[in-house]
Amino acid sequence: MSHLDPLILARIQFGFTISFHIVFPAITIGLASFLAVLEALWLLKKDPVYLDLYHFWSKAFAVNFAMGVVSGLVMAYQFGTNWSNFTGFAGGVTGPLLAYEVLTAFFLEAGFLGVMLFGWTKVGPGLHFFATLMVALGTLVSMTWILASNSWMQTPQGFEIIDGRVVPTDWLKVIFNPSFPFRLVHMGLASYLATALFVGATGAWHLLNHRDNPRVRTMFSMAMWMVLIAAPIQIEAGDQHGLNTLEHQPAKIAAMEGHWSNTPGEAVPLILFGWPDMAAQKTLGAVEIPHLGSLILTHTWAGQIPGLEEFPAQDRPDSTVIFWTFRVMVGLAMLMLLLGIGGAWFRWRGELYEQRLFLLFATVMGPTGVIALLAGWITTEVGRQPWVVYGVMRTADGVSHHSALMLSVSLLAFVVFYCAVFGTGISYLVKVVAKEPGRHVPPPDPDHLNLRPARPLSAAPDIDPSPLRAGE
């Protein structure tokens, strides 16, 4: 890798680490809310099935939470190691926003996580439910601050540049920047969908393996309801987010659509497939649907959007990448909608738990929420290039001055370490949910089970977690 540009290596390293990290907080957000719903239903209905599912999924939550914390620590350090010029320039905004996340969300989660995971025999049901709600709220607050920071980098406002540094002048404008509401809703729904697909695939897998019991049926049913409700809302939210992006980042939309130029009076077609060639400045082998691009992007029959040729070559995002990541995201969203509608159809026919082809479809769809989330994140971040703060600071000006050799060695170390640690963690998580959910039997004497302080992975004792101890 020594022949690669240090900027490219720094971007690859950050993209690699954040691709691992973003998955775990997304599932944490969804599982925390799912656990809160399960405990609320148990308190209201007194049905032990909900309590059994709470304990079953709290183990998966604990494993996922531990991996999210570990992967998140690396992200914070990279701002100082690989992007010190960006931190020095924009730290007046991003630093406080990340600090607010720690002071609110992290403290909230840390304060109630122990009660949630280990407090069943220590506190009453009401207080335990409150702890679960606080952990769920903490995950949502954390998402809010992180997206406020990232959204400001996409659509910056509420600041001045004084002596070469960003100085906030209006924190309300900084936080509630033009893209923030759309990105917050889109990411929140993505987290819930990814979790619902994970839970649904787990339930479908158990049903396919003849583990048909009330707990498996309940988790599968709840997951299919969530997919049915969230998928169409997410598609609408994505459309609104796209219109907001067209207003504030038109070059990104042009690159996502592989749209290079306009002919006066002609509508913009929707290019289903093709290969955007940045050098030739055209999309090769384009398969188009006339007028559909105008309908989707402008909500008119013959409206036009700026083409990539209208922007200087040095200001164009890489259309070859985000053209395809965008289509992966949208295509998977259509499959999620199909899954939700299929679930409703078979529920109406009384065959939700017996249709093996549908159960197989639900199982295969398990990882698609995460894949769509990663594809959307790549589309957003690569589409912002060549800017690290859109229209204010170029990515090339934000990178630290490291040699290609140093970045190559550190990137290789990250790849080896992440594959080892998080590969083990993901394998462990799969083993936890692969166990058939049964009746929860509390330990006879919980005070004497653990002779050392409990950590998140201590809440998932069914499988020896020793391979993860070093990375917890």
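Quick look at the structure, then. (Residues numbered from 1 in each chain as written. Predicted model: local features only at pLDDT ≥ 70, side-chain atom pairs only at ≥ 80, totals over all residues. Heavy atoms only, no water.)

### Some points on the overall build of the protein
So, point 1. When helices and strands are counted, the protein shows 14 helices and 6 strands.
So, point 2. A principal-axis box enclosing the C-alpha atoms of the protein has dimensions of 75 × 55 × 45 Å.
So, point 3. Looking at the protein residue by residue over its 472 residues, the buried ones come to 50%.
So, point 4. Taking the contacts inside the protein whose residues are at least 6 apart along the sequence as the reference set, 78% of them involve residues at least 24 apart.
So, point 5. In the protein, 26 side chains carry a positive charge and 31 a negative one; their mean positions are 9 Å apart. (Helix = DSSP H or I, 4+ residues; strand = E, 2+ residues; numbered from the N terminus. Buried < 20%, exposed > 50% of the residue type's maximum accessible area, 1.4 Å probe, protein only. Contact = heavy atoms within 4.5 Å. Lys, Arg positive; Asp, Glu negative; His and termini not counted. Charge placed at Lys NZ, Arg CZ, Asp CG, Glu CD.)

### With respect to the pairing of strand E3 (residues 270-277)
So, point 1. Judged from the 6 bridges that link them, E3 and strand E4 (residues 282-289) form a sheet pairing that is antiparallel. Following the sheet pairing, Pro276 is matched in E4 by Thr283.
So, point 2. Between E3 and E4, which pair antiparallel and follow one another directly, the connecting turn spans 4 residues, one of which, Gln281, has a positive phi of 60 degrees. (Pairing = 2+ DSSP bridges.)

### Regarding the pairing of strand E1 (residues 159-162)
If a strand is regular, its side chains alternate between the two faces of the sheet.
So, point 1. Sheet topology note: the E1/strand E2 (residues 165-168) ladder contains 4 bridges and is antiparallel. Within E2, the residue paired with Phe159 across the bridge is Pro168.
So, point 2. Counting the residues between successive antiparallel strands, the hairpin from E1 to E2 contains 2 residues, one of them, Asp163, with a positive phi of roughly 55 degrees.

### Considering the packing of helix H2 (residues 48-81) against helix H3 (residues 84-118)
So, point 1. In contact at an axis separation of 12 Å, H2 and H3 are set at 160 degrees when each is read in the N-to-C sense. If you check the angle between H2 and H3, you find them roughly antiparallel. Relative to H3, the crossing made by H2 is left-handed. Residues Tyr54, Ser58, Phe61, Ala62, Phe65, Phe79 and Gly80 of H2 lie in contact with H3, whose contacting residues are Ser84, Phe86, Thr87, Leu98, Glu109, Leu113, Met116 and Leu117. (Axes fitted to C-alpha atoms, helices over the stretch in contact; angles between N-to-C directions. Parallel < 35°, antiparallel > 145°, perpendicular 65-115°, else oblique. Left-handed = near helix turned anticlockwise from the far one by under 90°.)

### What to know about the layout of surface pockets
So, point 1. Taken as a whole, the largest pocket encloses approximately 1700 Å³ of empty space.
So, point 2. Lining the largest pocket we find 50 residues, and of these Ile18, His21, Met75, Phe79 and Ile146 sit closest to its centre.
So, point 3. Of all the secondary structure elements, the ones that give two or more residues to the lining of the largest pocket are helix H1 (6-45), H2, H3, helix H4 (125-154) and helix H12 (368-384).
So, point 4. The residue makeup of the lining of the largest pocket, split by class, is 29 nonpolar, 16 polar and 5 charged. (1 Å grid on protein atoms, 1.4 Å probe; cavity = no way out; pocket = protein on both sides within 12 Å on 5 of 7 lines; lining within 4 Å. Points joined across faces, edges and corners; volume = space filled by probe spheres on them. Nonpolar A, V, L, I, M, F, W, Y, C, P; charged D, E, K, R; others polar.)

### What about the nonpolar core?
So, point 1. Within the largest apolar cluster, 69 residues are counted, with the highest numbers of intra-cluster contacts made by Leu31, Leu38, Trp57, Phe61, Phe220, Met336 and Leu339.
So, point 2. For this core, the element with the most residues is H2, which contributes 15 residues.
So, point 3. Dropping the residues within four chain positions of it, Met336 is found in contact with Leu193, Leu197, Val227, Ala231, Met365, Thr368, Gly369 and Ala372.
So, point 4. Ala10, Met143, Val389 and Leu407 belong to the second largest nonpolar core, which has 37 residues in total. (Core = buried A, V, L, I, M, F, W, Y, C linked by side-chain atoms within 4.5 Å.)

### Quick look at the packing of aromatic side chains
So, point 1. For the structure shown, the criterion picks out 27 aromatic pairs.
So, point 2. On the numbers, 6.3 Å between centres and 70 degrees between planes, the contact of Phe34 with Trp57 is edge-to-face. One end of the pair, Phe34, is in helix H1; the other, Trp57, is in helix H2, with 23 residues separating them in the sequence.
So, point 3. What makes Phe34 buried here is its relative accessible area of 12%. (Phe/Tyr/Trp six-rings, centres within 6.5 Å; stacked < 30°, edge-to-face > 60°.)

### Quick notes on the environment of Leu133
So, point 1. Tracing the backbone through its elements, the reader meets Leu133 in helix H4.
So, point 2. A sequence separation of 269 residues divides Leu133 from His402, and the C-alpha atoms of the two residues are 44 Å apart.

### Side note on empty space enclosed by the protein
So, point 1. Applying the stated criterion to the full structure yields 2 cavities of 30 Å³ or more.
So, point 2. For the second largest cavity, the calculated volume is near 30 Å³.
So, point 3. Lining the second largest cavity we find Glu257, His259, Val268, Pro269, Leu270, Ile271, Gly293 and Leu297.
So, point 4. Secondary structure elements with two or more residues in the lining of the second largest cavity: E3 and helix H9 (292-298).

### What to know about the pattern of salt bridges
So, point 1. Summed over all chains, the structure comprises 7 salt bridges.
So, point 2. In this structure, Glu354 engages Arg217 in a salt bridge whose closest nitrogen and oxygen atoms are separated by 3.2 Å. Taken together, the residues Glu354 in the loop between helix H10 (319-348) and helix H11 (356-364) and Arg217 in helix H7 (residues 214-248) connect sequence positions 137 residues apart.
So, point 3. Between Glu257 and Arg327 there is a salt bridge, with its nearest N and O atoms 3.5 Å apart. Within this pair, whereas Glu257 is found in helix H8 (residues 250-257), its partner Arg327 is found in helix H10, the two being separated by 70 residues in sequence. The two residues Glu257 and Arg327 agree in class, both being buried. (Salt bridge = Lys/Arg side-chain N within 4 Å of Asp/Glu carboxyl O.)

### Re helix H6 (residues 180-208)
So, point 1. Compared with an ideal rise of 1.5 Å per residue, which puts 29 residues at 42 Å, H6 spans 41 Å between its outermost C-alpha atoms and is within 8% of the ideal.
So, point 2. Burial runs high along H6: 23 of the 29 residues are buried.
So, point 3. Looking one or two residues beyond H6, the residue adopting positive phi is His210, at roughly 60 degrees. (Expected span 1.5 Å × (residues − 1).)

### Let's talk about the side chain of Glu109
So, point 1. Within the secondary structure, Glu109 is located in helix H3.
So, point 2. Residue class for Glu109 comes out buried when judged on its relative accessible area of 8%.
So, point 3. Excluding residues within four positions of it along the chain, Glu109 makes contact with Phe65, Val135, Gly138, Thr139 and Ser142.

Take it as geometry only, folks, not as evidence of what the structure does.
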